[in-house]
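Here's the letter readout for the chains.
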Amino acid sequence: MTTVPKDLRDHAFQIATEVARLSGKEPMAIWNSENFQKGLQEIAEKELERLKQEQK
(Lines give C-alpha, C1' and ligand atoms only; values in the text may rest on other atoms or scores of the structure.)
Protein backbone atom coordinates (compact mmCIF):
# COMPACT_ATOMS: atom_id res chain seq x y z
CA MET A 1 0.00 0.00 0.00
CA THR A 2 1.31 3.42 -0.97
CA THR A 3 1.27 6.22 1.56
CA VAL A 4 -0.79 9.11 0.26
CA PRO A 5 1.08 12.45 0.51
CA LYS A 6 -0.51 15.02 2.84
CA ASP A 7 -1.21 17.59 0.11
CA LEU A 8 -3.02 14.97 -2.00
CA ARG A 9 -4.93 13.77 1.04
CA ASP A 10 -5.95 17.35 1.89
CA HIS A 11 -7.15 17.98 -1.65
CA ALA A 12 -9.05 14.69 -1.66
CA PHE A 13 -10.78 15.63 1.59
CA GLN A 14 -11.86 18.93 0.02
CA ILE A 15 -13.36 16.93 -2.85
CA ALA A 16 -15.11 14.57 -0.40
CA THR A 17 -16.53 17.59 1.43
CA GLU A 18 -17.90 19.06 -1.80
CA VAL A 19 -19.38 15.71 -2.88
CA ALA A 20 -21.00 15.39 0.54
CA ARG A 21 -22.45 18.90 0.30
CA LEU A 22 -23.92 18.17 -3.11
CA SER A 23 -25.30 14.78 -2.11
CA GLY A 24 -26.57 15.75 1.33
CA LYS A 25 -24.28 13.30 3.12
CA GLU A 26 -21.68 13.72 5.82
CA PRO A 27 -18.10 14.37 4.55
CA MET A 28 -16.69 11.53 6.66
CA ALA A 29 -19.20 9.11 5.12
CA ILE A 30 -17.81 9.97 1.69
CA TRP A 31 -14.19 10.03 2.91
CA ASN A 32 -14.49 6.63 4.62
CA SER A 33 -16.26 4.93 1.73
CA GLU A 34 -14.34 2.05 0.22
CA ASN A 35 -14.62 3.39 -3.33
CA PHE A 36 -13.30 6.83 -2.36
CA GLN A 37 -10.33 5.36 -0.50
CA LYS A 38 -9.61 2.92 -3.33
CA GLY A 39 -9.60 5.77 -5.85
CA LEU A 40 -7.32 7.84 -3.64
CA GLN A 41 -4.92 4.90 -3.32
CA GLU A 42 -4.84 4.43 -7.11
CA ILE A 43 -4.04 8.12 -7.62
CA ALA A 44 -1.23 7.92 -5.05
CA GLU A 45 0.27 4.87 -6.77
CA LYS A 46 0.16 6.58 -10.18
CA GLU A 47 1.78 9.69 -8.74
CA LEU A 48 4.52 7.59 -7.14
CA GLU A 49 5.17 5.85 -10.46
CA ARG A 50 5.32 9.22 -12.25
CA LEU A 51 7.86 10.51 -9.72
CA LYS A 52 9.98 7.40 -10.14
CA GLN A 53 9.96 7.88 -13.92
CA GLU A 54 11.05 11.51 -13.52
CA GLN A 55 14.04 10.42 -11.45
CA LYS A 56 15.33 8.17 -14.24
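Residues numbered from 1 in each chain as written. Predicted model: local features only at pLDDT ≥ 70, side-chain atom pairs only at ≥ 80, totals over all residues. Heavy atoms only, no water.

(A) Molecular detail of the nonpolar core. Among the nonpolar cores identified, the biggest contains nine residues, and these are Val4, Ala12, Ala16, Ala20, Ile30, Trp31, Phe36, Leu40 and Ala44. Residue assignment for this core shows that the elements contributing at least two residues are helix H1 (6–23), helix H2 (27–31) and helix H3 (34–55). When residues no more than four places from it in sequence are discounted, the contact partners of leucine 40 are Val4, Leu8, Ala12 and Trp31. (Core = buried A, V, L, I, M, F, W, Y, C linked by side-chain atoms within 4.5 Å. Buried < 20%, exposed > 50% of the residue type's maximum accessible area, 1.4 Å probe, protein only. Helix = DSSP H or I, 4+ residues; strand = E, 2+ residues; numbered from the N terminus. Contact = heavy atoms within 4.5 Å.)

(B) Representation of the packing of H1 against H3 in the model. In the contact formed by H1 and H3, the axes pass within 11 Å of each other and the chain directions differ by 145°. Crossing angle aside, the handedness with which H1 passes H3 is right-handed. On H3, the residues touching Leu8, Ala12, Ile15 and Ala16 of H1 are Phe36, Leu40, Ile43 and Ala44. (Axes fitted to C-alpha atoms, helices over the stretch in contact; angles between N-to-C directions. Left-handed = near helix turned anticlockwise from the far one by under 90°.)

(C) How the structure looks around the environment of glycine 39. Here glycine 39 lies in helix H3. Counting along the chain gives 27 residues from glycine 39 to alanine 12, while the straight-line C-alpha distance between them is 9.9 Å.

(D) Summary view of the environment of leucine 8. By the element assignment, leucine 8 lies in helix H1. In this structure, the C-alpha to C-alpha distance between leucine 8 and glutamate 42, residues 34 residues apart in sequence, is 12 Å. In this structure leucine 8 touches Leu40, Ile43 and Ala44, once residues within four positions along its chain are discounted.

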